[in-house]
Amino acid sequence: EDSLYIPLLTYRTGAFAGSGIPIADGMHDYFKMLNARDGGIGGVKIVTEECETGYTAQKGVECYEATKAKGALVYNPWSTGITLALIPKATQEKIPVLSMAYGLSAAAMGKSFPWVFNPPLTYWDGLSVAIKYVGDKTGGLDKLKGKTIGFIYLDAPYGKEPIPLLEGLAKDYGFKVAKYPVPADKMQDQSSQWLNVQQDNPDWMIMWGWGAMNPTAVKEAAKVGFPMDKFIGVWWSGSEDDARPAGPGGKGYLTLNFTATGADFPAVQDIVKHVFDKGNSSVKEKSKIGEVNYNKGVYNSVLMAEAIRTAQKITGKKAINAADMRLGLEALEISEARFKEIGLGGFAAPVKVTCEDHSGAHAVYLQQWNGTKWVKASDWITPMKDKVRPLLEKDASDYTTKNAPWPARSEECPKS
Amino acid sequence: MSDPILAVNNIEVIYDHVILVLKGVSLTVPKGGIVAILGANGAGKTTTLKAISNLLHAERGEVTKGDILFKGEAVQDRSPNELVRRGCIQVMEGRHCFGHLTVEENLLTGAFTRTDGRAAIRADLEKVYGFFPRLKVRRQSQAGYTSGGEQQMVAIGRALMSRPDMILLDEPSMGLAPQIVEEIFEIVRRLNASEGVSFLLAEQNTNVALRYATYGYILESGRVVLDGDAKALRENEDVKEFYLGVAAAGRKSFKDVKHYKRRKRWLA
Amino acid sequence: MFYREAGQFKTGYADDMAVFPIRQDRIGIAVILAIAYVAVPMFGSPFFVSTIMIPMLILTMAAIGLNILTGYAGLISLGTGAFMGVGAYACFKLATAFPDVNVLVWVLASGFFSAAVGVVFGLPSLRIKGLYLAVATLAAQFFLQWCFVRVGWLTNYSSSGSIEAARRSLLGVQITGPGASETARYLCVLTLLVALTWIASNIVRGRIGRKWMMVRDMDIAAELMGVRLLPTKLLAFAVSSYFCGVAGAMLLFFHYGSMESIAFNIELSFQVLFMVIIGGLGSMIGSYLGAGFIAALPVVIKFAPQILGIELPSAVVDQVTVMIIGGLIIFFLIVEPHGFARLWQIGKQKLRVWPFPY
Amino acid sequence: MVLVEPFARMATNPAFLIQVIWEGFVSGVLYALIALGFVLIFKASGVFNFAQGIMVVFAALTLVGLHEAGVPAWVAVALALVVMYVLAVGVERIVLRPLVNQPDIILLMATIGLTRVLVGFGELVFGGEPKVMIASELGIPSGVWRIPLFDRVVVIKLIDLTAAIVAIVMVGGLAFFFSRTRIGRALRAVADDHQAALSVGISLEQIWVIVWFAAGLVALVTGIMWGARSDVSFALEIIALKALPVLILGGFTSVPGAIVGGLIIGIGEKIGEIYWGRLIGGGIESWLAYMIALLFLLFRPQGLFGEKIIERV
Amino acid sequence: MAFVDTGRKTGPKPIAAGEVLLEVEGISLAFGGVKALNSISFDIRKGEVRAIIGPNGAGKTSMLNVINGFYHPQHGRITYRGELRRRQRPDTAAAQGISRTFQNVALFKGLTTLDNIMAGRALKMNVGFFWQCLRFGPALTEEIEHRRKVEEIIDFLEIEHIRKVPVGKLPYGLKKRVELGRALAQEPELLLLDEPMAGMNLEEKEDMSRFILDVREQFGTTIALIEHDMGVVMDISDRVVVLDYGRKIADGTPDEVQKNQDVIDAYLGVQH
Ligand SMILES: Nc1ncnc2c1ncn2[C@@H]1O[C@H](COP(=O)(O)OP(=O)(O)OP(=O)(O)O)[C@@H](O)[C@H]1O
Ligand SMILES: Nc1ncnc2c1ncn2[C@@H]1O[C@H](COP(=O)(O)OP(=O)(O)OP(=O)(O)O)[C@@H](O)[C@H]1O
Ligand SMILES: [Mg+2]
Ligand SMILES: [Mg+2]
């Protein structure tokens, strides 16, 4: 019987499990809902297989090797490290990698990385939005001159990814950057970093954190009395579990986000109805459905599902293969109307992926913790494409020369 | 012979699942007796003692056949400390002092199983110092830094501190000055006579051992090849020649040992 | 009955000192080599070769390295992961700086860099012993890992901080980088491992190995017999780190293809240490058996339910795998603290005296 | 510049220096708590218990897990202690008893194996999500003191203060309990020579259960304190590694050594990181502690308070 | 006996039998409060068996440790082969031809008997690292050559049957014998034996005595011997020095010493 096989690389164990579990649940539940409600996509059932990576590259590669032969349509590594390890392999073996708003920023250059996709935006886009927001609050980007922006980040490829752009922007707008790396084994003890913050007294703080690093940072920021409404986290630092432990002290903390929070969407309600209420979800409490990271998982599955639909439309096949999937991803477009159609109106900004741009640099908004939940704190803001694009191009060409001979793109760009 | 305090019946011991070391050893120690196990290197004396005190387990050895009765009860499956509590303690070959503890602390560990109060333990401590004045001098130094002989005294003194009914002594004379050897055996005799402590000792120094023991077993390659009253053993020709060094022609000098070997009769 | 040395006479010391003095052993090793070189690439599935065999063989190399240090010279190290990292980063730098030289040369050369680093971190071993030394090597572990992250030059200033294996070939066959077939990579790894195992076993059986073991068993006596401790220990650090470094380079070039510093973390150090202990300290065969157990078993357990068609949540599988591995480690330590190597010996011993026990 | 600038910074902002030292002091105290668990077990059995870190996590998770299941906070503490006791007995029965008289490294490996078992088991039972420590239910104050000093403020979290006090009380109590008593002596005897300890009738079983339980108790306290500062998750296990330099600095066998070592490392690495670390790229905390310890070791191979290594022939 | 090179160089100045080989003068050594040695002087002549006796803790082992450089005395001078010896590292004593056995057997537990004795030759093997890696050519030749010598020692000590047994498992008496073998493998000029016969039965003591005398006879090795068995000491030694808690109380032939009242009081106790 036909099926759509999608391995899901997840982590429910290890130091980052706290972030990994809701994401894994969200990804699963959306597919389960599609299977239960619609009988799959285009009449073909989705078969998922979860493979535990523990956020380590080694296990991630094992998972990839173990599942690729079963006709995997696409991989979601959910770790920048695993993404980096899979990019050359998957490119060679022609299986798409979907690294949703994480991974290698340069993968947005579809010409160089035909098999890697990172919609809706890259870390560099995200950072540029954060700076835009800061500029806005300061009264214009030109007012940033002489200010200090602190950057606290997980000392790993993930956390370091935005630094080149941050330093570039600092030069452009004349602000200073103070960097505070947090080593993985120090995630839960950041007193040094925050002492430094206290000493440098930056005007703004930006955070690229994950897992246990986030709540600790928010707590510490509250402790040293850093103004929380000048503390901006990336979208991976903005879950309820990140802000809640700080108690009232966390009030005002801001993060970027590209998905809506809450369960008030028909599709999410369908998940509750078709999956959770039937006892088919591994979510333990209903209140967890609709939380930030859960919705990220859902969004990741929405992207895959929509790409599959697109691929089915393009190829006319019901049971597509990895190459078809790539076509679908490259032609992926979810308009506002389409979001509404699938029961997710207002859930996220419209997405459009093209051959040239595998991420699309779509808009994000800022959310703010009000002490008990996240509330929207800004409109959708679009990234500074003009600043990001050249960097992406340079980085992509660096990557391909360093890995020469990098296989040239053999697939035609779809006519648009 | 009075009631045996210890009876070992036909035990077999295997190390590491493959090395068979004791091949059916039986012996008894009467209450209030001093029994010696004699035998060449590697005969299995130490193994026998460890089998009795249940320390084999820590060396990956096990008793696979036979049984061991202490005061009439089978003790193979008892833990070593249980046995000490019942009154049987071993002084291990090669001293085994607690190097980082002082001499006095070493002695006090011997009293671990006792519950009769500090005063009694103090009194016994003084008694041990009485036996070994040298230890009193060195009481505050770490045992690891004492000389070989001093460590041997510590080991024996430590065992005495548990007020045992029976002591298994493994090569008590090794490395001790002749004077001390005599002293130690005198102490053995004294304890035996005044407090009725029974002894089972493994010894190489046959000469002394047979002078103090009441009964002896000779072990070779894991088997008892000869046993008898100490006196009878002392008179045995083979024992005389091989263990006591007094052949018919009188004691021969170490200088003149010739490069030949007469076969022991029991090996024939 | 089948495993007897009776009737095989040695006619010279050289014979007696051979690695495999018994004919059955020699036949056995020939069969194993034949399987490794012919059967595995021919019949092994790509998953088996690439996910089980390759990492297993590479980690065997690391285990041999650590075994030289810990098993033969008696110096405990928890810095293996970082020493492997040094090899990987060195090989990455060399291979990108001199792309025209064959990559195998660089893999072998990278070991010298970690040997040098190993010697530096081995210096405290003169004063510090046992577990204290283990902690000193942790300093190496964390310091080196920090360097991998902080020194941009090591990664050629890659923005992601990861290093990649370039595409290189040997005799026209691509052996490294994306697209290298698992068979090609496997054969390279296997050949390097066999060659270096041979060298390692030569070293440990000769004068140098004996000195290491002297220092391990009783350093004071060794010193009083004229062995100079510091050079001997440092040599052990150097040789050991060399093997670890080569293993690290192989891990990058023949297995992952792309790595970040975190891959060389303390977990890796522990993993290799496990292999050495479970396999048997001071035994070459032990390194193989231990690596097979620790590297391959988790993969097997993890994918076993899948292969058997049992549905279990992946997290549960992982948690249970972790538990089973932990439990088995304890179990094997209890059954035989001297590791598989000793079990192997006892097994042979039993075969030798079979059918009569003892 | 590397020599002058940091001191200049210290001098120009003394309030901040005090803040740095206080932070160092608090983390030092917490390192010391973990180290204490190690010391207890090492002292008593010569076992280098790598599982101490996961025991901290495990104890804390049990506590929070029980509370989540509806058990009142203090009852949960009592039950968590029972669980730690059962763990101690289990470890003794299953792991230690069969490994009597084995070399250190084997026992070390066994405890690493134990770590794996506990990690797997803990995640299976409690799940991988971080949990919030029930600090307020246990009456741990959560406020902040802001002390004005040199026209700046020094911030002291009450939880940190509590942690420091608890740790010091704990160390004092344990030092009292284990020193110079019959049990204390037996502990050290066991550490020296298992077999000889057996031969004089010391019950290894009893001793081991006692120390593992004591270590479990320390783990629970540590878990509560650390958990209240950040949250309770498996990431916490990693900090156990931080206790290692503390241990070697203080000496594996010394209770006061654990405290002094903890403070030296805690304060040393804070000052190093804040005043020097950034000059060379930051994040040096990950290895500075080990380097400090290594430096001390070169001069005192047995650590500050450790027992002298006996070398004789 | 073939395993000793007769043509071996014995250092700067060959010492004839009967001349003083080693002389210690006014050696004092204290550990904290413990005075292990207190101004001890004596000499050892080439080719003799020199016994050192004394009660437990008298400082005999410490004396040997001083002689081979493991302990450094606070006072005193040591002259070896006519040369005043400076404070030295322990490993140089071995190079100068002093080797020893230990009171608490210090064999390499994990090695077989054969390897333990081969270990004794560590200093004499020097083929480079490269050949060692290949175990071929010079490395193999060297290994075989030394193996041959070691086999001779094994024959001499009659321990053929335990050649391949790890020494950790040997009974005590055999361990002592292996240790002697290891010391012999160093081809020493001066052999220090610390209680070589402790824990042996009569038969084994006889064997050991025979080995010691044979060694002396056949290679002219000088022997310093610590032993508590007076029978052995009196029979095989040429001269005896008696220590008592750090002091020297007697020095002379066995007969003289045996009759010395101080010695009887301090050490021998009742005569037997
Ligand atoms: N742990 C062990 N593993 C294997 N074999 C052992 C072990 N301990 C002892 N043996 C072997 O058991 C035999 C008997 O040893 P045992 O120590 O009992 O002899 P012994 O009579 O006490 O000798 P000695 O007089 O030298 O002390 C020896 O051959 C020895 O090699
Ligand atoms: N490294 C050391 N540190 C402290 N004290 C020591 C050290 N070495 C020896 N001593 C002490 O010096 C004294 C002499 O010791 P030594 O070992 O030389 O005695 P010995 O004559 O060999 O005695 P035995 O016949 O018992 O072996 C002893 O009291 C011993 O405790
Ligand atoms: Mg014995
Ligand atoms: Mg001595």
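What you see is a predicted model; the values in this text were computed from it and never measured. (Residues numbered from 1 in each chain as written. Chains lettered and ligands numbered in written order. Predicted model: local features only at pLDDT ≥ 70, side-chain atom pairs only at ≥ 80, totals over all residues. Heavy atoms only, no water.)

Enquirer: Hey, could you run me through the overall build of chain C in this one?
Expert: Within chain C, the regular secondary structure consists of 14 helices and four strands. A compact globule built from 358 residues would reach a C-alpha radius of gyration of about 21 Å, and chain C, at 21 Å, matches this within 12%. C-alpha extents for chain C along the principal axes are approximately 65 × 60 × 45 Å. Here chain C holds 358 residues, and the buried ones make up 62% of them. Expressed as a percentage of contacts within chain C between residues at least 6 apart in sequence, the contacts between residues at least 24 apart total 75%. Of the roughly 12700 Å² of accessible surface on chain C, a fraction of 72% belongs to carbon and sulfur atoms. For chain C, the distance from the average position of its 23 positive side-chain charges to the average position of its 15 negative side-chain charges is 7 Å. (Helix = DSSP H or I, 4+ residues; strand = E, 2+ residues; numbered from the N terminus. Rg over C-alpha atoms; globule rule 2.2 N^0.38 Å. Buried < 20%, exposed > 50% of the residue type's maximum accessible area, 1.4 Å probe, protein only. Contact = heavy atoms within 4.5 Å. Areas by Shrake-Rupley, 256 points an atom, 1.4 Å probe, with all protein chains shown as cover. Lys, Arg positive; Asp, Glu negative; His and termini not counted. Charge placed at Lys NZ, Arg CZ, Asp CG, Glu CD.)

Enquirer: Quick question: what am I supposed to make of the coordination of the magnesium ion (ligand 3) here?
Expert: When a metal holds four donors in a tetrahedron, each ideal angle between them is 109.5 degrees; when it holds six in an octahedron, the ideal angles are 90 or 180 degrees. All names here are of chain B. Protein ligation of the magnesium ion (ligand 3) involves Thr 46 (OG1) and Glu 93 (OE), the donor distances falling in the range 1.8 to 2.4 Å. Here the residue Thr 46 occupies a position in helix α1 (residues 45–53), and Glu 93 occupies one in the loop between β6 (88–91) and α3 (103–109), the gap between them amounting to 47 residues. Judged by its relative accessible area of 17%, Thr 46 is buried. Taking relative accessible area as the criterion, Glu 93 reaches 24% and is therefore assigned partly exposed. (Donors = N, O, S within 2.8 Å, 3.2 Å for Na, K, Ca; no water.)

Enquirer: What is the right way to look at the site of ligand 1 in this model?
Expert: Ligand 1 sits among 19 residues. The nearest are Asn 41, Thr 46, Thr 47 and Glu 93 of chain B together with Lys 169 of chain E. Of the chains in the model, those with residues near ligand 1 are chains B and E. Contact distances for ligand 1 include 2.5 Å between an oxygen atom and a side-chain N or O atom of Thr 46 of chain B. Between Glu 93 of chain B and ligand 1, the recorded distance is 2.5 Å, taken from a side-chain N or O atom to an oxygen atom. Summarising the interface, the protein chains cover 84% of the accessible area of ligand 1, which totals 640 Å² for the free molecule. Looking at the shell around ligand 1, the elements that each hand over two or more residues are β2 (19–30) and α1 of chain B together with α6 (172–185) of chain E. (Near = heavy atom within 4 Å. Polar contact = N/O pair within 3.5 Å; in protein donor to acceptor, adjacent residues only side chain to side chain.)

Enquirer: I keep staring at the interface of chain C and chain D and nothing clicks. Help me out?
Expert: How large an interface is tends to be reported as the accessible area lost when its parts come together. Contacts between chain C and chain D engage 38 residues on the former and 49 residues on the latter. Where chain C packs against chain D, one counts one salt bridge. In this structure, Arg 116 of chain D and Glu 267 of chain C form a salt bridge, with 3.3 Å as the shortest nitrogen-oxygen distance. Seen at the junction of chain C and chain D, the total is one residue pair in polar contact (both at pLDDT 80 or more). For the side of chain C that touches chain D, the secondary structure elements donating two or more residues are α6 (130–150), α9 (219–224), α11 (266–279) and α13 (314–335) of chain C. Among the residues making up the side of chain C that touches chain D, the classes are represented as 30 nonpolar, four polar and four charged. (Salt bridge = Lys/Arg side-chain N within 4 Å of Asp/Glu carboxyl O. Nonpolar A, V, L, I, M, F, W, Y, C, P; charged D, E, K, R; others polar.)

Enquirer: Explanation requested: the packing of aromatic side chains in the structure shown.
Expert: Each pair of aromatic rings is reported with the distance of its centres and the angle of its planes. Tallied over the entire structure, the rule returns 53 aromatic pairs over all chains. Where Phe 231 of chain A meets Tyr 253 of chain A, the ring centres are 5.0 Å apart and the plane angle is 50 degrees; that geometry is what we call tilted. Of this pair, Phe 231 of chain A sits in strand β8 (residues 231–233) while Tyr 253 of chain A sits in the loop between α9 (240–243) and β9 (254–257), and the two are 22 residues apart along the sequence. For the residue pair Phe 231 of chain A and Tyr 253 of chain A, the accessibility class agrees, reading buried in each case. Note on Trp 236 of chain A and Phe 258 of chain A: the rings are 6.4 Å apart at their centroids and 90 degrees apart in plane angle, and the pair reads as edge-to-face. Here Phe 258 of chain A lies in the loop between β9 and α10 (266–276) and Trp 236 of chain A lies in the loop between β8 and α9, a separation of 22 residues in the sequence. For the pair Trp 236 of chain A and Phe 258 of chain A, one class covers both residues: buried. The ring of Phe 98 of chain B carries Arg 158 of chain B above its face, with NZ or CZ at 4.8 Å from the centroid. Of note, Arg 182 of chain E hangs over the ring of Phe 108 of chain E, and the distance from its end group to the ring centre comes to 4.8 Å. (Phe/Tyr/Trp six-rings, centres within 6.5 Å; stacked < 30°, edge-to-face > 60°. Lys NZ or Arg CZ within 6 Å of the ring centre and 35° of its normal.)

Enquirer: Can you help me understand the domain arrangement of chain E in this one?
Expert: Residues and elements named next belong to chain E. Domain annotation of chain E identifies domain 1 (17–97 + 188–272) and domain 2 (109–187). Here domain 1 and domain 2 have C-alpha centroids that lie 27 Å from each other. Of all residues in domain 1, Pro 188, Met 208 and Phe 211 bury the most surface against domain 2, accounting for 38% of the area lost on that side. Across the domain 1-domain 2 interface, the total number found is two salt bridges. Here domain 1 and domain 2 share one residue pair in polar contact (both at pLDDT 80 or more) between them. Listing elements by their share of the side of domain 1 that touches domain 2, those giving two or more residues are α2 (90–95), β7 (190–194) and α7 (202–219). The element best represented in the side of domain 1 that touches domain 2 is α7, accounting for six residues. Classifying every residue of the side of domain 1 that touches domain 2 gives eleven nonpolar, one polar and six charged. (Domains from an automatic or database assignment. Buried area = accessible area lost by both parts, 1.4 Å probe.)

Enquirer: In this structure, what is going on with helix α14 (residues 385–402) of chain A? I would like to understand it.
Expert: Residues spaced three or four apart along an α-helix point in a common direction, a consequence of the helix completing one turn every 3.6 residues. The terminal C-alpha atoms of α14 of chain A, which comprises 18 residues, lie 25 Å apart, in line with the 26 Å expected from a rise of 1.5 Å per residue. By the burial criterion, the buried members of α14 of chain A are Val 388, Leu 392, Asp 395, Ala 396, Tyr 399 and Thr 400 of chain A. End-on, the buried residues of α14 of chain A take up no more than an arc of 130 degrees, which puts them together on one face. In this structure, α14 of chain A carries Asp 386, Lys 394 and Thr 401 of chain A as exposed residues pointing more than 90 degrees from its buried face. Buried positions along α14 of chain A lie against α3 (80–93), α4 (123–138) and α6 (163–173) of chain A together with β1 (162–164) of chain C. (Expected span 1.5 Å × (residues − 1). Arc of directions from axis to C-beta.)

Enquirer: It is not clear to me how the pattern of salt bridges should be interpreted in this structure. Could you clarify?
Expert: Side chains that carry opposite charge are capable of pairing whenever their charged atoms lie near each other. On inspection of all chains with the given rule, the structure shows 70 salt bridges over all chains. The partner of Glu 205 of chain D in a salt bridge is Arg 97 of chain D, and the shortest N-O contact between them spans 4.0 Å. On the criterion of sequence distance, the pair formed by Glu 205 of chain D in helix α9 (residues 204–229) and Arg 97 of chain D in the loop between α4 (73–96) and α5 (104–126) is long-range, its members being 108 residues apart. Classification of Arg 97 of chain D by relative accessible area gives partly exposed; the value is 27%. Across the salt bridge formed by Asp 251 of chain E and Lys 248 of chain E, the nearest N and O atoms sit 3.3 Å from each other. Using a relative accessible area of 31% as the deciding quantity, one classes Asp 251 of chain E as partly exposed. Bridged by salt links that share partners, the residues Arg 114, Asp 116, Asp 124, Lys 127, Arg 163 and Glu 195 of chain B form one connected network.

Enquirer: It is not clear to me how the arrangement of the chains should be interpreted in this structure. Could you clarify?
Expert: Sorting the eight pairs of chains in contact by contact count puts chains C and D at the top. Note that chain A does not reach chain B: the shortest distance linking a C-alpha of one to a C-alpha of the other is 36 Å.

Enquirer: So what exactly am I meant to see when it comes to the pairing of β2 of chain B here?
Expert: Put simply, side chains in a regular strand alternate between the two faces of the sheet. Here nine bridges tie strand β1 (residues 4–15) of chain B to β2 of chain B, and the two strands are oriented antiparallel to one another. Each residue of the ladder has a partner; that of Glu 12 of chain B, found in β2 of chain B, is Lys 23 of chain B. (Pairing = 2+ DSSP bridges.)

Enquirer: Sorry, what's going on with the coordination of the magnesium ion (ligand 4) here?
Expert: Residue and element names in this part refer to chain E. Ligation of the magnesium ion (ligand 4) by protein atoms is provided by Thr 61 (OG1) and Gln 103 (OE1), these donors lying 1.9 to 2.1 Å from the ion. Taken as a pair, Thr 61 in helix α1 (residues 60–67) and Gln 103 in the loop between β6 (98–100) and α3 (113–119) lie far apart in primary sequence, 42 residues in all. Overall, the relative accessible area of 8% leaves Gln 103 in the buried class.

Enquirer: In this structure, what is going on with the nonpolar core? I would like to understand it.
Expert: Soluble globular proteins tend to bury their nonpolar side chains together. Formed by 435 residues in total, the largest nonpolar core has its most connected members in Phe 231 and Trp 236 of chain A. A domain-level breakdown of this core finds at least three residues from each of domain 1 (17–97 + 188–272) and domain 2 (109–187) of chain E. Not counting the four nearest positions on each side in its chain, Phe 231 of chain A is found in contact with Ile 152, Trp 194, Trp 204, Met 205, Met 207, Ala 217, Val 218, Ala 221, Phe 226, Tyr 253 and Leu 254 of chain A. With 67 residues, the next largest nonpolar core counts Ile 167, Val 208 and Ala 230 of chain B together with Met 230 of chain E among its residues. (Core = buried A, V, L, I, M, F, W, Y, C linked by side-chain atoms within 4.5 Å.)

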